[in-house]
Amino acid sequence: MIHIPFNKPYMTGQELGYIADAHANLQFAGDGAYTKRCHAWLEARTGTARALLTHSCTAALEMSALLAEIGPGDEIIMPSYTFVSTANAFVLRGGVPVFVDIRPDTLNLDETLIEAAITPRTRAIVPVHYAGVGCEMDAIMALARRHGLQVIEDAAQGVTSEYRGKALGSIGDLGAYSFHETKNVICGEGGALLVNTPERSLRAEIIREKGTDRSRFFRGEVDKYTWQEVGSSFLPGELITAFLWAQLEQADRITGERLASWRYYHEQLAAAEKAGILRRPIVPDTCTHNAHMYYVLLTADVDRDVVLRQMKQHGIGAVFHYVPLHTSPAGSALGRTNGALPVTDSLSARLIRLPLWVGLTRAEQDEVIDVLLRAIDLAGHRRPATV
Ligand SMILES: *Cc1c(COP(=O)(O)O)cnc(C)c1O
(Lines give C-alpha, C1' and ligand atoms only; values in the text may rest on other atoms or scores of the structure.)
Protein backbone atom coordinates (compact mmCIF):
# COMPACT_ATOMS: atom_id res chain seq x y z
CA MET A 1 0.00 0.00 0.00
CA ILE A 2 1.33 3.40 -1.04
CA HIS A 3 0.86 5.91 1.80
CA ILE A 4 2.99 8.72 0.33
CA PRO A 5 1.74 9.00 -3.26
CA PHE A 6 3.93 10.39 -6.02
CA ASN A 7 1.35 13.04 -6.89
CA LYS A 8 -1.77 14.38 -5.22
CA PRO A 9 -3.82 16.93 -7.20
CA TYR A 10 -4.23 20.12 -5.20
CA MET A 11 -7.68 21.75 -5.08
CA THR A 12 -7.94 25.44 -4.21
CA GLY A 13 -11.56 25.06 -3.07
CA GLN A 14 -12.96 27.45 -5.69
CA GLU A 15 -13.17 24.95 -8.56
CA LEU A 16 -16.73 23.73 -7.96
CA GLY A 17 -18.03 27.24 -7.32
CA TYR A 18 -16.76 28.49 -10.66
CA ILE A 19 -18.05 25.40 -12.45
CA ALA A 20 -21.46 25.97 -10.85
CA ASP A 21 -21.33 29.57 -12.03
CA ALA A 22 -20.60 28.58 -15.64
CA HIS A 23 -23.35 25.97 -15.34
CA ALA A 24 -25.85 28.53 -14.02
CA ASN A 25 -25.03 30.78 -16.95
CA LEU A 26 -25.57 27.89 -19.36
CA GLN A 27 -22.09 28.47 -20.77
CA PHE A 28 -20.67 25.09 -21.77
CA ALA A 29 -19.00 25.60 -25.15
CA GLY A 30 -15.52 27.10 -25.17
CA ASP A 31 -14.35 30.73 -25.27
CA GLY A 32 -16.81 31.98 -22.64
CA ALA A 33 -16.08 34.27 -19.70
CA TYR A 34 -13.77 31.85 -17.84
CA THR A 35 -11.70 31.12 -20.93
CA LYS A 36 -11.31 34.88 -21.46
CA ARG A 37 -10.19 35.34 -17.85
CA CYS A 38 -7.59 32.59 -18.27
CA HIS A 39 -6.37 34.12 -21.54
CA ALA A 40 -6.02 37.57 -19.93
CA TRP A 41 -4.13 36.10 -16.95
CA LEU A 42 -1.71 34.20 -19.18
CA GLU A 43 -1.13 37.21 -21.43
CA ALA A 44 -0.49 39.53 -18.46
CA ARG A 45 1.79 37.02 -16.73
CA THR A 46 3.87 35.94 -19.69
CA GLY A 47 3.84 39.05 -21.88
CA THR A 48 2.88 36.94 -24.89
CA ALA A 49 1.00 38.54 -27.77
CA ARG A 50 -1.84 35.97 -27.58
CA ALA A 51 -2.56 33.11 -25.21
CA LEU A 52 -5.07 30.48 -26.33
CA LEU A 53 -6.33 27.67 -24.11
CA THR A 54 -6.28 24.22 -25.65
CA HIS A 55 -7.49 20.84 -24.44
CA SER A 56 -3.90 19.76 -23.71
CA CYS A 57 -0.27 20.72 -24.19
CA THR A 58 -0.24 18.01 -26.84
CA ALA A 59 -2.92 19.99 -28.71
CA ALA A 60 -0.91 23.21 -28.32
CA LEU A 61 2.13 21.46 -29.82
CA GLU A 62 -0.02 20.14 -32.69
CA MET A 63 -1.25 23.68 -33.32
CA SER A 64 2.39 24.81 -33.32
CA ALA A 65 3.26 22.31 -36.03
CA LEU A 66 0.37 23.64 -38.15
CA LEU A 67 1.31 27.27 -37.50
CA ALA A 68 4.96 26.58 -38.32
CA GLU A 69 3.80 24.91 -41.55
CA ILE A 70 5.74 21.73 -40.91
CA GLY A 71 5.43 19.37 -43.87
CA PRO A 72 6.69 15.94 -44.98
CA GLY A 73 10.44 15.55 -44.56
CA ASP A 74 10.93 18.73 -42.53
CA GLU A 75 13.34 18.20 -39.66
CA ILE A 76 12.73 19.36 -36.11
CA ILE A 77 15.58 19.37 -33.60
CA MET A 78 14.59 18.27 -30.09
CA PRO A 79 15.83 16.25 -27.13
CA SER A 80 15.18 12.51 -26.99
CA TYR A 81 14.76 12.83 -23.25
CA THR A 82 11.18 14.15 -23.29
CA PHE A 83 7.52 13.18 -23.37
CA VAL A 84 6.19 11.63 -26.60
CA SER A 85 4.01 14.63 -27.51
CA THR A 86 7.08 16.79 -28.19
CA ALA A 87 7.83 14.57 -31.20
CA ASN A 88 4.37 13.23 -32.07
CA ALA A 89 2.93 16.67 -32.81
CA PHE A 90 5.42 17.17 -35.66
CA VAL A 91 5.37 13.58 -36.90
CA LEU A 92 1.60 14.03 -37.45
CA ARG A 93 2.50 16.65 -40.13
CA GLY A 94 5.12 14.38 -41.70
CA GLY A 95 8.01 15.98 -39.84
CA VAL A 96 11.12 14.06 -38.78
CA PRO A 97 12.35 14.49 -35.18
CA VAL A 98 16.13 14.85 -35.01
CA PHE A 99 17.22 13.94 -31.50
CA VAL A 100 20.12 15.77 -29.89
CA ASP A 101 21.76 15.03 -26.53
CA ILE A 102 20.99 16.86 -23.28
CA ARG A 103 23.19 18.82 -20.87
CA PRO A 104 24.36 16.81 -17.85
CA ASP A 105 23.50 19.63 -15.41
CA THR A 106 19.88 20.55 -16.24
CA LEU A 107 18.97 17.58 -18.49
CA ASN A 108 17.83 20.20 -21.03
CA LEU A 109 18.64 20.20 -24.76
CA ASP A 110 22.41 20.82 -25.10
CA GLU A 111 22.52 24.06 -27.07
CA THR A 112 26.14 23.47 -28.10
CA LEU A 113 25.11 20.37 -30.08
CA ILE A 114 22.27 21.94 -32.07
CA GLU A 115 24.26 23.57 -34.86
CA ALA A 116 25.87 20.29 -35.92
CA ALA A 117 22.38 18.77 -36.34
CA ILE A 118 21.13 21.48 -38.72
CA THR A 119 20.62 20.42 -42.37
CA PRO A 120 18.89 22.16 -45.32
CA ARG A 121 15.66 20.37 -44.19
CA THR A 122 15.73 21.75 -40.63
CA ARG A 123 12.72 23.96 -39.88
CA ALA A 124 12.45 24.29 -36.11
CA ILE A 125 14.10 23.76 -32.74
CA VAL A 126 11.99 22.52 -29.83
CA PRO A 127 13.61 23.19 -26.46
CA VAL A 128 11.92 21.31 -23.62
CA HIS A 129 12.21 23.06 -20.25
CA TYR A 130 12.73 19.98 -18.12
CA ALA A 131 11.42 20.16 -14.55
CA GLY A 132 10.39 23.77 -15.20
CA VAL A 133 14.03 24.89 -15.46
CA GLY A 134 14.75 26.97 -18.54
CA CYS A 135 16.96 25.90 -21.46
CA GLU A 136 19.79 28.23 -22.55
CA MET A 137 17.35 30.35 -24.55
CA ASP A 138 19.74 33.20 -25.44
CA ALA A 139 22.04 30.80 -27.28
CA ILE A 140 19.13 28.87 -28.83
CA MET A 141 17.37 32.02 -30.09
CA ALA A 142 20.59 33.45 -31.55
CA LEU A 143 21.30 30.18 -33.36
CA ALA A 144 17.73 29.94 -34.65
CA ARG A 145 17.75 33.50 -35.99
CA ARG A 146 21.11 32.92 -37.69
CA HIS A 147 19.74 29.85 -39.49
CA GLY A 148 16.19 31.10 -40.09
CA LEU A 149 14.64 28.45 -37.85
CA GLN A 150 11.53 28.67 -35.70
CA VAL A 151 11.68 28.04 -31.98
CA ILE A 152 8.76 26.24 -30.35
CA GLU A 153 9.14 25.91 -26.58
CA ASP A 154 7.73 22.82 -24.94
CA ALA A 155 7.05 24.61 -21.66
CA ALA A 156 4.57 21.94 -20.49
CA GLN A 157 6.27 21.87 -17.09
CA GLY A 158 7.17 25.56 -16.99
CA VAL A 159 4.09 27.54 -15.92
CA THR A 160 5.30 30.44 -13.64
CA SER A 161 9.00 29.66 -14.37
CA GLU A 162 11.35 32.26 -15.86
CA TYR A 163 14.58 32.48 -17.79
CA ARG A 164 16.38 35.83 -17.36
CA GLY A 165 13.13 37.37 -16.14
CA LYS A 166 11.06 36.13 -19.09
CA ALA A 167 8.28 33.59 -18.70
CA LEU A 168 9.13 30.19 -20.16
CA GLY A 169 7.05 29.71 -23.29
CA SER A 170 7.14 33.42 -24.13
CA ILE A 171 10.69 33.55 -25.50
CA GLY A 172 10.51 31.52 -28.72
CA ASP A 173 8.05 32.01 -31.59
CA LEU A 174 5.52 29.75 -29.91
CA GLY A 175 5.24 28.13 -26.48
CA ALA A 176 3.11 25.29 -25.11
CA TYR A 177 1.86 24.88 -21.52
CA SER A 178 0.20 21.89 -19.84
CA PHE A 179 -2.48 21.91 -17.15
CA HIS A 180 -2.60 18.13 -16.93
CA GLU A 181 -3.42 16.71 -13.50
CA THR A 182 0.25 15.82 -12.93
CA LYS A 183 1.50 19.38 -13.51
CA ASN A 184 1.57 22.29 -11.00
CA VAL A 185 -1.54 24.23 -12.09
CA ILE A 186 -4.20 21.86 -13.34
CA CYS A 187 -7.63 21.28 -14.85
CA GLY A 188 -7.45 17.54 -15.52
CA GLU A 189 -6.59 17.70 -19.20
CA GLY A 190 -5.72 21.14 -20.52
CA GLY A 191 -3.06 23.35 -22.02
CA ALA A 192 -2.32 26.66 -23.68
CA LEU A 193 -0.52 27.94 -26.73
CA LEU A 194 1.47 31.16 -26.38
CA VAL A 195 1.65 32.97 -29.72
CA ASN A 196 4.56 35.33 -29.21
CA THR A 197 4.39 37.19 -32.52
CA PRO A 198 1.22 39.28 -32.99
CA GLU A 199 1.13 38.65 -36.78
CA ARG A 200 0.40 35.02 -36.07
CA SER A 201 -2.43 35.35 -33.58
CA LEU A 202 -5.23 35.45 -36.18
CA ARG A 203 -4.00 32.26 -37.87
CA ALA A 204 -3.68 30.62 -34.46
CA GLU A 205 -7.33 31.45 -33.68
CA ILE A 206 -8.42 30.04 -37.05
CA ILE A 207 -6.48 26.78 -36.64
CA ARG A 208 -7.95 26.36 -33.14
CA GLU A 209 -11.54 26.92 -34.38
CA LYS A 210 -11.71 24.12 -36.97
CA GLY A 211 -9.94 26.23 -39.57
CA THR A 212 -12.65 28.92 -39.50
CA ASP A 213 -12.66 32.61 -38.60
CA ARG A 214 -15.38 32.04 -36.01
CA SER A 215 -13.40 34.00 -33.36
CA ARG A 216 -13.52 37.09 -35.58
CA PHE A 217 -17.23 36.53 -36.20
CA PHE A 218 -17.88 36.44 -32.42
CA ARG A 219 -16.01 39.72 -32.07
CA GLY A 220 -18.17 41.23 -34.80
CA GLU A 221 -15.22 41.72 -37.15
CA VAL A 222 -16.81 39.71 -40.00
CA ASP A 223 -20.51 39.13 -40.76
CA LYS A 224 -20.22 35.36 -41.30
CA TYR A 225 -17.57 32.76 -40.64
CA THR A 226 -16.12 30.44 -43.24
CA TRP A 227 -13.49 27.77 -43.72
CA GLN A 228 -10.14 29.55 -44.06
CA GLU A 229 -7.46 26.89 -43.74
CA VAL A 230 -6.62 23.48 -42.27
CA GLY A 231 -7.49 23.33 -38.58
CA SER A 232 -9.17 21.28 -35.92
CA SER A 233 -11.04 21.68 -32.65
CA PHE A 234 -8.39 22.55 -30.09
CA LEU A 235 -10.40 24.56 -27.54
CA PRO A 236 -11.57 23.29 -24.16
CA GLY A 237 -15.16 23.53 -22.94
CA GLU A 238 -16.05 26.20 -20.40
CA LEU A 239 -16.47 23.89 -17.36
CA ILE A 240 -12.80 22.91 -17.69
CA THR A 241 -11.68 26.52 -17.94
CA ALA A 242 -13.80 27.49 -14.90
CA PHE A 243 -11.82 24.84 -12.99
CA LEU A 244 -8.57 26.18 -14.41
CA TRP A 245 -9.43 29.75 -13.41
CA ALA A 246 -9.64 28.67 -9.76
CA GLN A 247 -6.11 27.30 -10.10
CA LEU A 248 -4.58 30.21 -12.01
CA GLU A 249 -5.84 32.60 -9.32
CA GLN A 250 -3.71 30.62 -6.85
CA ALA A 251 -0.76 29.88 -9.15
CA ASP A 252 1.73 31.86 -7.07
CA ARG A 253 0.68 30.21 -3.83
CA ILE A 254 0.91 26.76 -5.45
CA THR A 255 4.40 27.58 -6.75
CA GLY A 256 5.47 28.91 -3.34
CA GLU A 257 4.34 25.79 -1.48
CA ARG A 258 6.01 23.50 -3.99
CA LEU A 259 9.23 25.50 -3.78
CA ALA A 260 9.29 25.13 0.00
CA SER A 261 9.06 21.33 -0.32
CA TRP A 262 11.63 21.34 -3.14
CA ARG A 263 14.10 23.30 -1.01
CA TYR A 264 13.59 20.98 1.94
CA TYR A 265 14.51 17.93 -0.16
CA HIS A 266 17.46 19.87 -1.53
CA GLU A 267 18.82 20.81 1.89
CA GLN A 268 18.24 17.40 3.40
CA LEU A 269 19.97 15.62 0.50
CA ALA A 270 23.04 17.89 0.42
CA ALA A 271 25.08 15.56 2.64
CA ALA A 272 24.21 12.52 0.51
CA GLU A 273 25.41 14.36 -2.58
CA LYS A 274 28.62 15.37 -0.81
CA ALA A 275 29.19 11.73 0.11
CA GLY A 276 28.84 10.75 -3.55
CA ILE A 277 25.65 8.74 -2.97
CA LEU A 278 23.50 10.66 -5.46
CA ARG A 279 23.33 13.88 -7.44
CA ARG A 280 20.75 16.62 -6.82
CA PRO A 281 19.10 18.85 -9.49
CA ILE A 282 21.12 21.84 -10.72
CA VAL A 283 19.36 25.16 -11.39
CA PRO A 284 21.40 27.79 -13.29
CA ASP A 285 21.47 31.36 -11.91
CA THR A 286 19.62 32.53 -15.04
CA CYS A 287 16.52 30.55 -14.07
CA THR A 288 13.80 30.89 -11.46
CA HIS A 289 11.88 27.63 -11.43
CA ASN A 290 8.46 26.47 -10.29
CA ALA A 291 9.46 23.31 -8.40
CA HIS A 292 7.62 21.13 -10.85
CA MET A 293 9.80 18.19 -9.94
CA TYR A 294 12.33 16.93 -7.43
CA TYR A 295 14.56 14.23 -8.84
CA VAL A 296 17.83 12.58 -7.87
CA LEU A 297 20.41 10.87 -10.09
CA LEU A 298 21.79 7.58 -8.80
CA THR A 299 25.37 6.50 -9.40
CA ALA A 300 25.99 4.06 -12.25
CA ASP A 301 26.59 1.10 -9.93
CA VAL A 302 23.18 1.30 -8.28
CA ASP A 303 20.30 -0.79 -9.66
CA ARG A 304 17.41 1.67 -10.01
CA ASP A 305 14.79 -1.08 -10.23
CA VAL A 306 15.84 -2.31 -6.80
CA VAL A 307 15.61 1.21 -5.34
CA LEU A 308 12.14 1.80 -6.82
CA ARG A 309 10.91 -1.60 -5.65
CA GLN A 310 12.19 -0.96 -2.13
CA MET A 311 10.48 2.43 -2.03
CA LYS A 312 7.22 0.92 -3.24
CA GLN A 313 7.46 -1.78 -0.58
CA HIS A 314 7.77 0.97 2.00
CA GLY A 315 4.68 2.71 0.62
CA ILE A 316 6.41 5.52 -1.27
CA GLY A 317 5.35 6.48 -4.79
CA ALA A 318 8.68 7.24 -6.44
CA VAL A 319 8.81 6.91 -10.24
CA PHE A 320 11.15 7.31 -13.19
CA HIS A 321 10.80 8.69 -16.72
CA TYR A 322 11.42 9.02 -19.68
CA VAL A 323 12.30 6.09 -21.88
CA PRO A 324 14.37 8.14 -24.39
CA LEU A 325 12.39 8.57 -27.60
CA HIS A 326 15.26 7.42 -29.84
CA THR A 327 15.16 4.02 -28.14
CA SER A 328 11.36 3.67 -28.44
CA PRO A 329 9.71 1.73 -31.30
CA ALA A 330 8.06 4.82 -32.85
CA GLY A 331 10.96 7.17 -32.15
CA SER A 332 13.55 4.96 -33.82
CA ALA A 333 11.27 4.37 -36.83
CA LEU A 334 10.06 7.96 -37.33
CA GLY A 335 13.00 10.03 -36.12
CA ARG A 336 16.77 9.89 -36.11
CA THR A 337 19.58 10.89 -33.80
CA ASN A 338 22.40 13.24 -34.65
CA GLY A 339 25.33 11.25 -33.34
CA ALA A 340 25.34 9.30 -30.10
CA LEU A 341 23.34 10.51 -27.08
CA PRO A 342 25.58 9.37 -24.21
CA VAL A 343 24.21 11.80 -21.59
CA THR A 344 20.60 10.90 -22.43
CA ASP A 345 21.39 7.18 -22.33
CA SER A 346 23.23 7.41 -19.03
CA LEU A 347 21.11 9.85 -17.02
CA SER A 348 17.70 8.54 -18.13
CA ALA A 349 18.62 5.17 -16.59
CA ARG A 350 19.62 6.73 -13.26
CA LEU A 351 16.87 9.23 -12.50
CA ILE A 352 14.25 8.90 -9.77
CA ARG A 353 11.46 11.39 -9.13
CA LEU A 354 10.37 11.86 -5.52
CA PRO A 355 6.85 12.66 -4.31
CA LEU A 356 6.15 16.41 -4.54
CA TRP A 357 2.75 18.04 -4.10
CA VAL A 358 1.06 20.83 -2.18
CA GLY A 359 0.34 19.49 1.32
CA LEU A 360 3.29 17.10 1.52
CA THR A 361 4.59 17.35 5.10
CA ARG A 362 8.20 17.63 6.24
CA ALA A 363 7.72 14.39 8.19
CA GLU A 364 6.64 12.67 4.98
CA GLN A 365 9.65 14.10 3.18
CA ASP A 366 11.94 12.84 5.98
CA GLU A 367 10.46 9.39 5.51
CA VAL A 368 10.96 9.54 1.71
CA ILE A 369 14.62 10.53 2.20
CA ASP A 370 15.22 7.89 4.84
CA VAL A 371 13.74 5.10 2.70
CA LEU A 372 15.55 6.37 -0.41
CA LEU A 373 18.97 6.38 1.24
CA ARG A 374 18.47 2.95 2.77
CA ALA A 375 17.25 1.60 -0.59
CA ILE A 376 20.33 2.98 -2.37
CA ASP A 377 22.52 1.26 0.18
CA LEU A 378 20.68 -1.99 -0.38
CA ALA A 379 20.82 -1.60 -4.16
CA GLY A 380 24.61 -1.73 -4.12
CA HIS A 381 26.03 1.76 -3.87
CA ARG A 382 29.79 1.54 -3.57
CA ARG A 383 31.72 4.21 -5.45
CA PRO A 384 31.41 8.00 -5.27
CA ALA A 385 29.31 9.63 -7.98
CA THR A 386 31.01 10.56 -11.22
CA VAL A 387 28.67 13.40 -12.23
C1 LIG B 1 3.12 16.81 -19.69
C2 LIG B 1 3.98 17.06 -20.88
C3 LIG B 1 3.45 17.14 -22.18
C4 LIG B 1 2.02 16.81 -22.49
O5 LIG B 1 1.09 17.57 -21.83
P6 LIG B 1 -0.47 17.21 -21.99
O7 LIG B 1 -1.15 18.42 -21.44
O8 LIG B 1 -0.71 15.98 -21.17
O9 LIG B 1 -0.74 17.00 -23.42
C10 LIG B 1 4.30 17.47 -23.21
N11 LIG B 1 5.60 17.70 -23.00
C12 LIG B 1 6.16 17.62 -21.78
C13 LIG B 1 7.62 17.91 -21.61
C14 LIG B 1 5.37 17.29 -20.68
O15 LIG B 1 5.91 17.19 -19.47
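Residues numbered from 1 in each chain as written. Predicted model: local features only at pLDDT ≥ 70, side-chain atom pairs only at ≥ 80, totals over all residues. Heavy atoms only, no water.

A.B. asks: In this structure, what is going on with the layout of surface pockets? I would like to understand it.
C.D. replies: One simple way to see leftover space: roll a probe sized like a water molecule over the atoms. Of the voids in this model, the largest pocket is the one considered here, and its volume is about 430 Å³. F83, S178, T182, K183 and Y322 are the residues nearest the centre of the largest pocket, which is lined by 25 residues in total. Contributions of two or more residues to the lining of the largest pocket are made by α3 (57–67) and α4 (84–91). Among the elements that take part in the lining of the largest pocket, α3 stands out by supplying 3 residues, more than any other. By residue class, the composition of the lining of the largest pocket is 8 nonpolar, 13 polar and 4 charged. There are two domains that each give the lining of the largest pocket at least three residues, and those are domain 1 (15–249) and domain 2 (251–379). As a volume, the second largest pocket reaches approximately 220 Å³. Around the second largest pocket sit D31, K36, H39, R50, L52, E205, R208, S215, F218 and R219, which together line it. In terms of residue class, the lining of the second largest pocket is made up of 2 nonpolar, 2 polar and 6 charged. (1 Å grid on protein atoms, 1.4 Å probe; cavity = no way out; pocket = protein on both sides within 12 Å on 5 of 7 lines; lining within 4 Å. Points joined across faces, edges and corners; volume = space filled by probe spheres on them. Helix = DSSP H or I, 4+ residues; strand = E, 2+ residues; numbered from the N terminus. Nonpolar A, V, L, I, M, F, W, Y, C, P; charged D, E, K, R; others polar. Domains from an automatic or database assignment.)

A.B. asks: What should I look at first to understand the pairing of strand β8 (residues 174–178) in this one?
C.D. replies: Looking along a regular strand, one sees the side chains alternate between the two faces of the sheet. Burial runs high along β8: 5 of the 5 residues are buried. Side chains L174, A176 and S178 of β8 all project onto a buried face; the interleaved residues G175 and Y177 project onto the opposite face, where all are buried too. In this sheet, strand β9 (residues 191–195) lies alongside β8 in antiparallel orientation, the contact comprising 5 bridges. Pairing of Y177 across the sheet is with A192, part of β9. (Buried < 20%, exposed > 50% of the residue type's maximum accessible area, 1.4 Å probe, protein only. Pairing = 2+ DSSP bridges.)

A.B. asks: Sorry if this is basic, but what is going on with the nonpolar core here?
C.D. replies: The nonpolar side chains of a soluble globular protein tend to be buried with one another. The biggest cluster of nonpolar side chains holds 46 residues, and the ones touching the most others in it are L42, I114, M137, Y177, F179, L244 and L248. The set of elements that each furnish at least two residues to this core consists of α1 (15–24), α2 (33–46), β1 (50–54), β3 (96–100), α5 (137–147), β9 and α8 (238–249). Considering each element in turn, this core owes the most residues, 6 residues, to α8. Core analysis: the next-biggest nonpolar cluster, separate from the first, contains 30 residues, A60, M63, I76 and L325 among them. (Core = buried A, V, L, I, M, F, W, Y, C linked by side-chain atoms within 4.5 Å.)

A.B. asks: Explain unusual backbone geometry to me, please; I cannot follow it from the model alone.
C.D. replies: The bulk of non-glycine residues show a negative phi, and the bulk of peptide bonds are trans. Here the residue pair H321 and Y322 is connected by a cis peptide bond, since its omega of -20° sits within 30 degrees of zero. Tracing the chain through its elements places Y322 in the loop between α11 (304–313) and α12 (329–334). Even without being glycine, E69 reaches a positive phi, approximately 55°. Inspection of the secondary structure assignment puts E69 in the loop between α3 and β2 (75–79). Positive phi, normally seen in glycine, also occurs at K210, with a value near 60°. Within the secondary structure, K210 is located in the loop between α6 (201–208) and α7 (214–218). Since its relative accessible area comes to 34%, K210 is described here as partly exposed.

A.B. asks: Just checking my understanding: could you explain the packing of α11 against helix α14 (residues 362–378) for this structure?
C.D. replies: Each packed pair of helices is defined by two parameters, the angle between the axes and the distance between the axes. Across the interface, α11 lies against α14 with an axial gap of 9 Å and an inter-helix angle of 140°. In terms of orientation, α11 and α14 fall into the oblique class. Regarding α11 and α14, the two cross each other, and that crossing is right-handed. Across from V307, Q310 and M311 in α11, the residues of α14 making contact are V368, V371, L372, A375, I376 and L378. Split into classes, the residues belonging to the contact of α11 with α14 amount to 8 nonpolar, 1 polar and no charged. (Axes fitted to C-alpha atoms, helices over the stretch in contact; angles between N-to-C directions. Parallel < 35°, antiparallel > 145°, perpendicular 65-115°, else oblique. Left-handed = near helix turned anticlockwise from the far one by under 90°. Contact = heavy atoms within 4.5 Å.)

A.B. asks: I'm lost on the side chain of N196 in this one. Help?
C.D. replies: Within the secondary structure, N196 sits in the loop between β9 and α6. A relative accessible area of 16% means that N196 is categorised as buried. A polar side-chain atom of N196 sits 3.5 Å from the main-chain carbonyl oxygen of S170. Leaving out residues up to four positions away in the same chain, N196 has contacts with T48, A49, E153, G169, S170, I171, G172, D173, L174 and G175. (Polar contact = N/O pair within 3.5 Å; in protein donor to acceptor, adjacent residues only side chain to side chain.)

A.B. asks: Please clarify how the site of the ligand should be interpreted in this entry.
C.D. replies: The ligand sits among 15 residues. The nearest are T58, D154, Q157, S178 and K183. Note that a nitrogen atom of the ligand is positioned 2.8 Å from one of the side-chain N or O atoms of D154. When atoms are counted within 2 Å of each cavity's grid points, the one that captures over half of the ligand is the largest pocket. (Near = heavy atom within 4 Å. Sits in = over half its atoms within 2 Å of the grid points.)

A.B. asks: I tried to follow the sheet that holds β1 on my own but got confused; where do I start?
C.D. replies: Sheets are built from strands that pair by backbone hydrogen bonding, the pairs being arranged parallel or antiparallel. The strand order across the open sheet formed by 8 strands is β1-β9-β8-β5-β4-β2-β3-β13, and the pairing between neighbours is mixed. The sheet is open, and its two borders are formed by β1 and β13 (336–337), each paired with just one other strand. The pairing of β3 with β13 spans 2 bridges and is parallel. Residue pairing for β13: V98 is matched across the bridge by R336. Strands in contact with α4 are β2, β3 and β5 (150–154); relative to β2, the strand with the most contacts, it is inclined by about 175°. Contacts between α6 and the sheet are confined to β1 and β9, with β1 contributing the most and set at about 10° to the helix.

None of this, on its own, says anything about what the molecule does.
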